[in-house]
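Residue strings, one per chain:
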Amino acid sequence: MSSVSSSAAARNSVLAFGAFGVGTSGYIVAGLLPALTSELHISATAAAQLVTSFAIAYAVGSPLFAAATGRWERRTLLVAALAVAAVGNIFAAVAPGYTTLLIARVVTAIGAAVYTPAATAVAAELTTPDRRGRAVSLVFGGLTIALIFGVPLGSVISQQFGYEGAFLFVGILSALGALGVRVALPKVAPPPAVRLAERFAVARDKRIVALLVTTTLACLAAFMVYTLVSPVLAATAGVSGGTVTVLLFCYGIGGAIGNFAGGRAADRWGPRKPLLIILAGFTAVMVLLPFTATTVVGAGITLFVWGLANWSFSPPVQHRLIELSPGHAGLALSLNASAIYLGVGLSGVVGGAVLTSAGATVLPEIAAILAAAAALVVVFFWGTRKRVEIREEVAV
């Protein structure tokens, strides 16, 4: 049994490295904001639209490409997705201007949109139900590691070699992820053929719709502040440059701990209770941020707790989605990925509007209201609390 567990952990670690590559692709703009604004001569609001273009392409593309590639062997699909992400990042590195950079972000998003839900579903399929929350959290751990190392390292690289060097770095990461998946992962058969209409049948379940709404609100709340964290910290703590990089590192450390804690909590207590505690904690952090992040030390502690709350959110949600729709877990997870990036995409628009009209310090307060609304959706639309025995094989 221990050898089986070790083999599963090794496979999930490879999947997590791929998630690290695409995660860094998605989040790196937050660390590149100063370089982008100075080199491209654009505003912080315009730079934030690079997050929006990526996120909207991801949100739209995730379920569509899940349907289009439904009959692909899963290892081949994962390798192809990472290759597309690598090409998109290299294109961003050589893009001559803002418009072509937006296009490059869309290409990168297509690869990420295919990879993340497919990798999560593969991890869930190859893992026993009692360890499914931990398997999902391990794969998503690649995204939190992207926050710990990828985004701050991209920020450091951009200070030395411009934003172009940072995107090239991420392109190499994605290419290495594709190689790792090809070498280490066994072939995984595709799920049974399903018509396009059937693929979206899970969205008729009001409990699933409520979870997708919760995800969108929570991600909008989190990323409208994270994407514009440089002007927020400049306004509250008066910091910039390398200090912001260190503070992003604090956020990432909290995120890594929160991600694995969220998975274990969902396995032990079920997803509902941990999810409500997480949303309450995130709301409190946002309310207090303008008052606690006024010094470098205070900002470091605040960002650590923020990352802890923010990244413990996804494992309970995905645990619940798999619980509600075990036979169509791949689709449910791809819809959740769309909800995540819909929230991220809206964060660039809403965050930019708030920054322009009301200033950086108002961003956390708006985020707190949105997080509280997400908690209310969980309270009123969760549905039955009866445990669901998962006996169906999870469709990848």
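Reading guide: rules and limits
- Residues numbered from 1 in each chain as written.
- Predicted model: local features only at pLDDT ≥ 70, side-chain atom pairs only at ≥ 80, totals over all residues.
- Heavy atoms only, no water.
- UniProt positions renumbered as here; feature names shortened; annotations may be inferred.
- Salt bridge = Lys/Arg side-chain N within 4 Å of Asp/Glu carboxyl O.
- Buried < 20%, exposed > 50% of the residue type's maximum accessible area, 1.4 Å probe, protein only.
- Helix = DSSP H or I, 4+ residues; strand = E, 2+ residues; numbered from the N terminus.
- 1 Å grid on protein atoms, 1.4 Å probe; cavity = no way out; pocket = protein on both sides within 12 Å on 5 of 7 lines; lining within 4 Å.
- Points joined across faces, edges and corners; volume = space filled by probe spheres on them.
- Nonpolar A, V, L, I, M, F, W, Y, C, P; charged D, E, K, R; others polar.
- Core = buried A, V, L, I, M, F, W, Y, C linked by side-chain atoms within 4.5 Å.
- Contact = heavy atoms within 4.5 Å.
- Axes fitted to C-alpha atoms, helices over the stretch in contact; angles between N-to-C directions.
- Parallel < 35°, antiparallel > 145°, perpendicular 65-115°, else oblique.
- Left-handed = near helix turned anticlockwise from the far one by under 90°.
- Phe/Tyr/Trp six-rings, centres within 6.5 Å; stacked < 30°, edge-to-face > 60°.

In the nomenclature of an unreviewed UniProt entry, the protein corresponds to MFS transporter from the organism Amycolatopsis halotolerans. According to the UniProt record, the Subcellular location (unreviewed entry) comment for the protein is "Cell membrane".

Taken as a whole and judged by the stated rule, the model has 2 salt bridges. For the salt bridge of Asp205 with Arg207, the shortest nitrogen-to-oxygen distance reads 2.9 Å. Take Asp205: its relative accessible area is 21%, and that puts it in the partly exposed class. Relative accessible area serves as the criterion here: at 25%, Arg207 is assigned to the partly exposed category. For Arg320, the salt bridge is made with Glu323, and the minimal N-O distance between the two is 2.8 Å. On the criterion of helical spacing, the pair formed by Arg320 and Glu323 is a turn pair, its members being 3 residues apart in helix α13 (residues 314-324). Summarising the burial analysis for this pair, Arg320 and Glu323 share the class buried.

Rolled over the atoms, a probe with the dimensions of a water molecule shows which regions are left empty. Under the counting rule described, the total for this entry stands at 4 cavities of 30 Å³ or more. Here the largest cavity defines a volume of roughly 200 Å³. Lining the largest cavity are 20 residues; nearest its centre among them are Cys219, Phe223, Asn310, Phe313 and Ser314. Of all the elements in the fold, those that place two or more residues in the lining of the largest cavity are α6 (132-184), α8 (206-226), α11 (272-292), α12 (296-311) and α14 (329-358). Take the lining of the largest cavity: its biggest share by element is 4 residues, from α8. Residue composition of the lining of the largest cavity, grouped by class: 17 nonpolar, 3 polar and no charged.

Attention now moves to the environment of Pro63. Relative to the helices and strands, Pro63 is located in helix α3 (residues 44-68). Sequence separation between Pro63 and Asn336 is 273 residues; the distance between their C-alpha atoms is 9.3 Å.

Moving on, we get to the nonpolar core. Tyr115 and Trp306 are the most contacted members of the largest nonpolar core, which has 106 residues in total. Top element by residues in this core is α6. It accounts for 15 residues. Contacts of Trp306, omitting those with residues within four sequence positions, involve Ala222, Val225, Tyr226, Val229, Tyr251, Phe282, Val285, Met286 and Leu289.

On to the packing of helix α2 (residues 29-40) against α3. Between α2 and α3, whose axes approach to 10 Å, the crossing angle comes to 140°. Taken together, the axes of α2 and α3 are oblique relative to one another. Between α2 and α3 lies a crossing of right-handed hand. Facing α2, whose interface residues are Val29, Leu33, Leu36 and Thr37, α3 presents Ala44, Ala47, Ala48, Leu50 and Val51. Looking at side-chain class alone, the contact of α2 with α3 contains 8 nonpolar, 1 polar and no charged residues.

So, about the packing of aromatic side chains. On inspection of all chains with the given rule, the structure shows 7 aromatic pairs. On the numbers, 6.0 Å between centres and 80° between planes, the contact of Phe223 with Tyr226 is edge-to-face. With Phe223 and Tyr226 both in helix α8 and 3 residues apart, this pair spans about one turn of that helix. Each member of the pair, Phe223 as well as Tyr226, is classed as buried. Residues Tyr251 and Trp306 carry aromatic rings whose centres are separated by 5.0 Å and whose planes lie at 80° to one another, so their mutual orientation is edge-to-face. Residue Tyr251 is located in helix α10 (residues 242-269), and its partner Trp306 is located in helix α12; the two are separated by 55 residues in the primary sequence. Tyr251 sits in the buried class, given a relative accessible area of 0%. Through a chain of ring-to-ring contacts, three or more aromatic side chains come together here, namely Phe223, Tyr226, Tyr251 and Trp306.

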